[in-house]
Amino acid sequence: MNHLSPLIRKLSYAGLIPFIALALMVQLAPTPINYLSAESLAGYGAIITSFMGAIHWGANLHTLGNSLSEDRWLDRNAWIWGVIPAIISWIALHIYIPVGLLILAATLLIQRNIDQNTYSYYFNNEEARVEFMTIRKHLTMVAVICLIWAAIVILFIQT
C-alpha cells in the first residue's frame, strides 16, 4: 500500500537528476565545463542539505505560540538542528571544492541517520514515515555517491 502520493515520489527522485548529471559532467566534460560542473554540484548539494535541515523548522511551525510541550526535541533541539545543515553547507561552499563535496556528503548521511529517529515526531502515520524514510535512504545514497565520486574524480582522476 502506498502512503505517499505519486507526486511526492516523482519530485523526490527528480531531485537526483542534477546530482547525477553534474557528477557525470565533472568526470566527462572538457575543461572548464568540468570545473563549472563541480561548482554547480557543490551549490546544489548545499541547497539540498540546507533544505533537509529546514524540514525540521517547517514541521515545527505549527507549535509556534503554543506552550512548551516539555519535549526537548520539539521545544529546542529541532530548531537548532534545523539550521546546522545550512551553516555547514555555507562553510562547504567556501573551501576547496572536493573537500566541500565530501563535507556535504557526510552531512547528508548524518542528517539521514538523525532524521530516521526524529521524523517520528512529524508523522501521524507510521507506514507513511517508513515509506518516506525508504525513499529518503535511496535519495541520500545516490546523492552521497555522486558527491563522493565527483570529489574523487577531482582529487585523483583529473590532471
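This one's a predicted model, so the numbers in the text were calculated from it and none came from an experiment. For every chain, the first residue of the written sequence is number 1, and numbering continues from 1 onward in sequence order. In keeping with the model being predicted, local features are shown solely for residues with a pLDDT of at least 70 and side-chain atom pairs are shown and tallied solely at 80 or more, while totals for entire chains, interfaces and linings include all residues. Neither water nor hydrogens contribute to the side-chain values; these are computed over all heavy atoms in the structure.

1. Points about the nonpolar core
In step 1: Working definition of a nonpolar core: buried Ala, Val, Leu, Ile, Met, Phe, Trp, Tyr and Cys residues. They are joined through side-chain atoms within 4.5 Å. Working definition: with a 1.4 Å probe on protein chains only, accessible area under 20% of the residue-type maximum means buried, over 50% means exposed, and in between means partly exposed. In this structure, Phe-19, Val-26, Leu-41, Leu-101 and Leu-147 are the most contacted members of the largest nonpolar core, which totals 31 residues.
In step 2: What counts as a helix is a DSSP run of H or I of at least four residues, what counts as a strand is a run of E of at least two, and both are numbered from the N terminus. Counting only elements with at least two residues in this core, the list comes to helix H2 (16-28), helix H3 (33-60), helix H5 (97-118) and helix H6 (126-157).
In step 3: Setting aside anything within four residues of it in sequence, one finds Phe-19 in contact with Leu-41, Tyr-44, Gly-45, Ile-48, Ala-143, Cys-146 and Leu-147. Note on definitions: a residue-residue contact is assigned when non-hydrogen atoms from the two residues lie within 4.5 Å.

2. Topic: the environment of Ala-46
In step 1: Topologically, Ala-46 is positioned in helix H3.
In step 2: Residue classification places Ala-46 among the buried positions, given a relative accessible area of 4%.
In step 3: Along the backbone, Ala-46 and Leu-101 are 55 residues apart, and their C-alpha atoms lie at a distance of 8.8 Å.
In step 4: Residue contacts for Ala-46: discarding those within four places in its chain leaves Ser-89, Leu-93 and Leu-104.

3. So, the confidence of the model for the chain
In step 1: Overall, the prediction assigns the chain a mean pLDDT of 93, with 99% of residues at 70 or greater.
In step 2: Mean pLDDT across the elements of the chain bottoms out in helix H4 (residues 72-92) (92) and peaks in H2 (98). pLDDT is defined as a per-residue confidence score from the predictor, taking values between 0 and 100.

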